[in-house]
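Geometric and topological summary
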Amino acid sequence: MNFIYKKALTPEQLMRNRYEAFVNKDGDYLNNTTTQTTFYDKTHYLNTEWLKLDVISAKDNTVEFKAYYREDGVIHLLHEKSNFIEVDGMWKYDNGELFNSKIGRNESCPCGSSKKFKKCCMKNQL
Ligand SMILES: [Zn+2]
């Protein structure tokens, strides 16, 4: 299957495209847009359902974001500050710093129910 992405003129656009590629389980796009040699392995993500992306800030070659996903009924938060690098006129993901953040009890639930997290999927958390 071929997925279409916007041309990534900025690190933020590439970040958004790569999130979409995770949603699509599109390993080709993910592997082609990173400097890393550890390639995307879709078997790691068979049970992963991506729910939501929030870009917190985008400055120079850095994008900070929160991505929410569900695995086996439990919602997880990936909070990362990613660094991008331009290689031959193409932005690529280079590396990232992970934060150990938790989903706030009073945040709107990442599942999209528009209820507060504590009144919704937090009940299923471990
Ligand atoms: Zn929920």
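Residue positions are given per chain, counting from 1 as you read along its sequence in written order. Local features in this predicted model are restricted to residues whose pLDDT is 70 or higher, and side-chain atom pairs enter the listing and the counts only when it is 80 or higher, whereas totals over whole chains, interfaces and linings include all residues. Computation of side-chain values: all heavy atoms of the structure, hydrogens and water removed.

So, about helix H1 (residues 11–24). Helical segments are the DSSP runs of H or I of at least four residues, strand segments are the runs of E of at least two, and each set is numbered from the N terminus. For a helix, the expected span equals 1.5 Å multiplied by the number of residues minus one. Given a rise of 1.5 Å per residue, 14 residues ought to cover 20 Å, and the 20 Å separating the end C-alpha atoms of H1 matches this to within 8%. In this analysis, two residues are considered to be in contact whenever any of their non-hydrogen atoms come within 4.5 Å of each other. Tucked inside the fold, the buried residues of H1 contact helix H2 (27–32), strand S1 (48–59), strand S2 (62–71), strand S3 (74–87) and strand S4 (90–99). The first or second residue beyond H1 is Lys25, which carries a positive phi of 50°.

Once that is clear, we can look at the nonpolar core. Side chains of a nonpolar character, in soluble globular proteins, are inclined to be buried together. Nonpolar cores were defined as sets of buried Ala, Val, Leu, Ile, Met, Phe, Trp, Tyr and Cys residues, with membership established by side-chain atoms within 4.5 Å. Each residue is placed in one exposure class: buried if its accessible area under a 1.4 Å probe, protein chains only, is under 20% of its type's maximum, exposed if it is over 50%, and partly exposed if it falls in between. By size, the foremost hydrophobic cluster in this structure holds 18 residues, and its most contacted members are Met15, Tyr19, Trp50, Leu53, Ala67 and Phe84. For this core, the secondary structure elements donating two or more residues are H1, H2, S1, S2 and S4. Apart from the residues lying within four places of it in its own chain, the contact partners of Phe84 are Pro11, Leu14, Met15, Asn61, Val63, Trp91, Lys92, Tyr93 and Asp94. Counting residues in each nonpolar core, the second largest holds nine residues, with Ile75, Leu77, Phe117 and Cys120 among its members.

Remember that side chains alternate between the two faces of the sheet whenever the strand is regular. Should DSSP find at least two bridges between two strands, the strands are regarded as paired. Pairing geometry for S2 and S3, over ten bridges, is antiparallel. The residue bridging Thr62 from the neighbouring strand is Asn83, located in S3. Joining the antiparallel neighbours S2 and S3 is a turn of two residues, in which Asp72 adopts a positive phi near 50°. The pairing of S3 with S4 spans nine bridges and is classified as antiparallel. Looking across to S4, one finds that Glu86 is bridged to Trp91. Linkage of S3 to S4, two consecutive antiparallel strands, is achieved through a turn of two residues, within which Asp88 is found at a positive phi near 50°.

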